[in-house]
Each structure stands twice: as structure tokens, then as C-alpha cells.
Amino acid sequence: MKKIALALGMVAPLMIFADVVPAINSKGGAQVLPEGVAKMTIKHIQFDRKNMFDGSHEAQNKENLDATANITLFKLNYGVTKTTTLGVIVPYKNIEATAKLGINDVAIDNSGVGDVIMVARHVLLPMSKYGFQLSLDGGVKLPTGSNDNGFKKAPAFATGINTPMPTQMGTGEFEYKIGMGVSYMLDDNWEMDAHTMFTYRPKAEHDYDFGNELSFDLSTTKAITKQINVGIEYNFAYNTTTDMGEDTNTQLRAMLPFKAFSGSAGYVTPQIEFLPFGKPKIHFGVGISFLAHYDLKEYQPLEKERFIARVGYIF
């Protein structure tokens, strides 16, 4: 079976000859689209932040934070050559939250288009020659999202201060990404992918520092029938310490439950994918990411589960 897959790989990229779809969060390992082929993907992520954490333990939610995020990612990728794929990701965000800060009840309801991401992937070592595929990735995040939506009602101790930026649609600054991916086929219907990416984040508006990020994804997916894939993956992220800059001070920062993620967290994501026509031309998937471990740099919120749905179409 593996020999058949490798032989097909001589004339077709990995993504097309396999009847299995990459994992829902995996970034596709090292897979690329064939030359002249496009793929559209819509992925929706929903999570609640009602729990506070500090270091490696859960902390009391002193501010009664109750936050919900709905993020929809519209992705379009195109194979410009047989070894290079370009893509664009447009996020739409809706963030709702309530909290009690001092004597004030604070309510946030922000929505809009976030920062657009341009990405590129180039195959360095092709599957057809090496038995696995290795790619180099690059990307840039554009400051397209709004960054002027903070609290609807600032707490009394923060009058006139722009707090906090994590609830806004964009950061107001470019970000730069570089990564590598690996894909390997155990046979023509069983796939393994790994991907790592580093994101460099310069200081943003109001001298805010979101922290640089290192992420890692490891996944396996298998076609158990012509129409059903199952999979599981591990998703890890580490962010350096963040700084609210001119927006706040040490005393105010300690009181705010809204902070950009800093520290490390790992999630395990079981999932299922439906291929109605037995090929990945169109596919529908759902998954749930469960918080497996964490070690945060300061008191901050973190979701225990993420609910994910995806639809993809190749044309």
C-alpha cells in the first residue's frame, strides 16, 4: 500500500492522492496543493473563559469574569507551483465579556474583522523522493483589524485609559511568522503531521507587547471508511511575557482579568471528518480541544475546552 502511495506521489502532491484529511488544527504538516488548484476552508472556533489560572494551578475568579469568544477563519490557498502554496486567512471575531472591577460592572461586546494573515509554504524535501515531506513556511500578519475598541465602560480607577487591548480586533502592528512542517503517510489512508511555528511580535499600539509565540502541533488522522476520517492531535503554544505598556500600570494590571496569553498550554483534540463523496474535495469536520496542561506567567483567564467546526472545498 505504501509503495502505491509513493508511486502516485511522483505525479501528484501528498494532499490529493491520500483519502485522508489533515487534522483540524494541524496546519496540514508539510502538505501543499497541486499547481493551479485552490482550496477554501471555513473554520469556526468557540470557547468560554470563566476560569482563572496562575502558574500551574487554577485560581479564584475574583472579578467574576464571564467571557465568550467566537472566531471564524476564512482561508483561501492556491498552488502556484507543484511545490509552493500561497494563502490568505481572514478572521472574524466576536468577543463578549462581563466582569466586576472594583465597584464597576464592566461589559464588553466587540466584533469585526481581525488582522489578516498572508502565508506561504514551499516543499524542501518531497514525499516522492524521500518517503516523507518537509516544508518551510513563512507568513506576515497585517494590522487590518480595529484597535480602538476597549471597555464600553472603564472602571473608575482607569478613567481615560485604553484598557485592555486583548479584547480588540487587531493589534495595530505587523507580525512575522516562520515555521517548518513534516508529513508522513503510514499507508494511503493513514497520515501523520507535525508542524512548528515561531511568531515575532513587535510592540503594538500604546506600547503594548503581546509576546512572541512558539507553537507545535502533532497529529494523526486515519480514514476508517471512504467517508469517515478520525483523528487526534496535540496542540502546544508558548508565549513570552506580555506588557500592557502605556495602557496600564502594575497596580491596574494586577486587577484586570483581561490579559494576553503568556506562558505555556497544551491541548488534546479528538475529531471526526465526513467526506460525503469519498474524496477530500469537500469535507466537514468537528473537534473538541481539551486543556491537558498549563504553566502561565501570571494571573489570567484560559479556556478549558475549545469547540471547532470546519468545512473545506477544493476547486
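Everything below is about the structure shown above.
Residue positions are given per chain, counted from 1 along the sequence in the order it is written. The model is predicted, so local features are restricted to residues of pLDDT at least 70 and side-chain atom pairs to those at 80 or more, both for listing and for counting; the totals for chains, interfaces and linings are taken over all residues. Processing note: side-chain calculations cover all non-hydrogen atoms of the structure and skip hydrogens and water entirely.

1. Side note on the side chain of Arg-310
Piece 1. For the purposes of this entry, the term helix denotes a DSSP run of H or I that reaches at least four residues, the term strand denotes a run of E that reaches at least two, and both are numbered from the N terminus. If you trace the backbone, Arg-310 turns up in strand β16 (residues 305–314).
Piece 2. Engagement of the side chain of Arg-310 in a polar contact is seen with the side chain of Glu-273, the distance being 3.0 Å. Throughout this description, a polar contact denotes any pair of N or O atoms lying within 3.5 Å of each other; where both atoms belong to protein, one of them has to be capable of donating a hydrogen while the other can accept it, and for residues adjacent in sequence the pair is counted only when both atoms sit in side chains.

2. Here we look at the sheet that holds strand β2 (residues 52–54)
The strands making up a sheet are joined through hydrogen bonds of the backbone, oriented either antiparallel or parallel.
Piece 1. For two strands to count as paired, DSSP must find a minimum of two bridges between them. Strand order in the open sheet formed by 3 strands is β3-β2-β15, and the pairing between neighbours is antiparallel. The sheet is open, and its two borders are formed by β3 (57–59) and β15 (300–301), each paired with just one other strand.

3. Notes on the nonpolar core
Piece 1. What makes a nonpolar core is a set of buried Ala, Val, Leu, Ile, Met, Phe, Trp, Tyr and Cys residues whose side-chain atoms join them at distances within 4.5 Å. Categorising residues by exposure relies on relative accessible area from a 1.4 Å probe, with only protein chains included: less than 20% of the type maximum marks a residue as buried, more than 50% marks it as exposed, and the intermediate range marks it as partly exposed. Counting residues in hydrophobic clusters, the biggest one holds 17 residues, and the most contacted among them are Leu-65, Ala-97, Ile-108, Tyr-208, Phe-210, Leu-256 and Phe-258.
Piece 2. Put simply, the parts of the chain that give this core at least two residues each are β5 (84–101) and β6 (104–113).
Piece 3. Look past the residues within four positions of Ala-97 in its chain and what remains in contact with it is Leu-65, Asp-66, Ala-67, Val-106, Ala-107, Ile-108 and Phe-258.
Piece 4. Counting 9 residues, the second largest nonpolar core, distinct from the first, contains Ile-24, Phe-47, Leu-73 and Ile-308. Whether two residues are in contact is decided by their heavy atoms: any pair within 4.5 Å suffices.

4. A short note on the pairing of strand β12 (residues 228–239)
Piece 1. Where burial is concerned, the two faces of β12 differ: the one with Asn-229, Gly-231, Glu-233, Asn-235, Ala-237 and Asn-239 is buried and the one with Ile-228, Val-230, Ile-232, Tyr-234, Phe-236 and Tyr-238 is not.
Piece 2. Of the pairings in the sheet, the one linking strand β11 (residues 213–223) to β12 comprises 11 bridges and is antiparallel in character. Considered in β12, the bridge of Asp-217 is made with Asn-235.
Piece 3. The hairpin turn running from β11 into β12, its antiparallel successor, is 4 residues long.
Piece 4. Relative to strand β13 (residues 263–274), β12 is paired through 12 bridges, and the arrangement is antiparallel. In the sheet register, Val-230 faces β13, and the bridge partner there is Ile-272.

Purely spatial values, then, with no claim about function.
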